[in-house]
Amino acid sequence: MSNKSLVVITGASSGIGEAAAKVFSQAGHPLLLLARRLDRLEALNLPNTICEKVDVTNRDEIKAAVEKAENKFGPVDCLINNAGVMLLGLADTQDPTEWERMVQVNIMGVLNGIHVVLAGMKQRRHGTIMNVSSVAGRKTYPNHSVYCGTKSSVHALTEQIREEAASFDVRFIIIAPGVVETELLSHTTAKDIVEGYKEWKETMGQPLESEDVANSILFAYQQPQRVCIREIVLCPTRQNK
Ligand code: NDP
């Protein structure tokens, strides 16, 4: 059994979350991995790992999974709120249920995770919550209005909760990547927007790999508890917007 602390990762079934699961496991941490595609979590086959089918919009599901993992591995010391969806579109034509989904997953999902673990971290006076936002939380992009809205919310709520938790020695860290090669774009339903995005991505040469983001998440977590890297913004070198 590992003597390192429990790390919880949402959206670990693909992309950045999957890469984070691998690097934190490699670093010796027991893990709780959450996503809806349980088969993809289990296929990672990582040691000292509990995989749970959880929809982050359901706070009770997160709570039950965290309790199960804490019973086995001890208190959670790091939550990586990574699950997210990007459904691009225009305000007059996009199906509003897509906006609701982004708001529910990208904002409520993050808040739900925080609500489940923060009280315990404050009590123990130790812990780190890393919220995966985006450069789209700092500036706007065509067809990204609602996605940008959700990610700027993640920036804002993270910064304020960080201030509230600071005197309890709990760290809040924003991870704000630019374009990363993952499944994220594949859920956008407007095919012309998907094609335009792919063309834009090609101008960058090489997008970031999920491992690049995962390594920066691990780096921030591994700093001494007195050091809070408040935000990591990383993008492909050629991404000029
Ligand atoms: P992926 O689509 O590869 O991964 C998204 C993850 O979120 C999946 O594991 C998915 O799991 C999970 N997820 C989605 N909805 C839910 C839900 N309701 N409940 C639980 N899990 C859910 O994309 P990325 O790895 O790129 O995305 C990870 C994060 O990085 C997101 O927050 C995204 O906004 C952010 N980001 C990505 C960038 C990029 O260019 N790729 C750039 C900047 C930020 P499942 O479907 O199995 O539930």
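Residues numbered from 1 in each chain as written. Predicted model: local features only at pLDDT ≥ 70, side-chain atom pairs only at ≥ 80, totals over all residues. Heavy atoms only, no water.

- An unreviewed UniProt entry annotates the protein as Oxidoreductase originating from Rotaria socialis.
- Entered under Sequence similarities (unreviewed entry) in the UniProt record, the comment concerning the protein runs "Belongs to the short-chain dehydrogenases/reductases (SDR) family." (UniProt positions renumbered as here; feature names shortened; annotations may be inferred.)

### With respect to the site of the ligand
- Close to the ligand lie 29 residues, the nearest being Ser13, Ser14, Arg36, Tyr147 and Thr182.
- With respect to the ligand, the side chain of Ser13 contributes an N or O atom lying 2.8 Å from an oxygen atom.
- Within the complex, the protein chains bury 96% of what would otherwise be the 890 Å² of accessible surface of the ligand.
- Looking at the shell around the ligand residue by residue, the class counts come to 14 nonpolar, 10 polar and 5 charged. (Near = heavy atom within 4 Å. Polar contact = N/O pair within 3.5 Å; in protein donor to acceptor, adjacent residues only side chain to side chain. Areas by Shrake-Rupley, 256 points an atom, 1.4 Å probe, with all protein chains shown as cover. Nonpolar A, V, L, I, M, F, W, Y, C, P; charged D, E, K, R; others polar.)

### Describing helix H7 (residues 210–222)
- Under the 1.5 Å per step criterion, the end-to-end length of H7 is 18 Å for 13 residues, consistent within 8% with the ideal 18 Å.
- Burial in H7 covers these residues: Ser210, Val213, Ala214, Ser216, Ile217, Leu218, Ala220 and Tyr221.
- Considering only its buried residues, H7 is in contact with helix H1 (15–26), strand E4 (76–81), strand E5 (127–132), strand E6 (170–177) and strand E7 (231–234). (Helix = DSSP H or I, 4+ residues; strand = E, 2+ residues; numbered from the N terminus. Expected span 1.5 Å × (residues − 1). Buried < 20%, exposed > 50% of the residue type's maximum accessible area, 1.4 Å probe, protein only. Contact = heavy atoms within 4.5 Å.)

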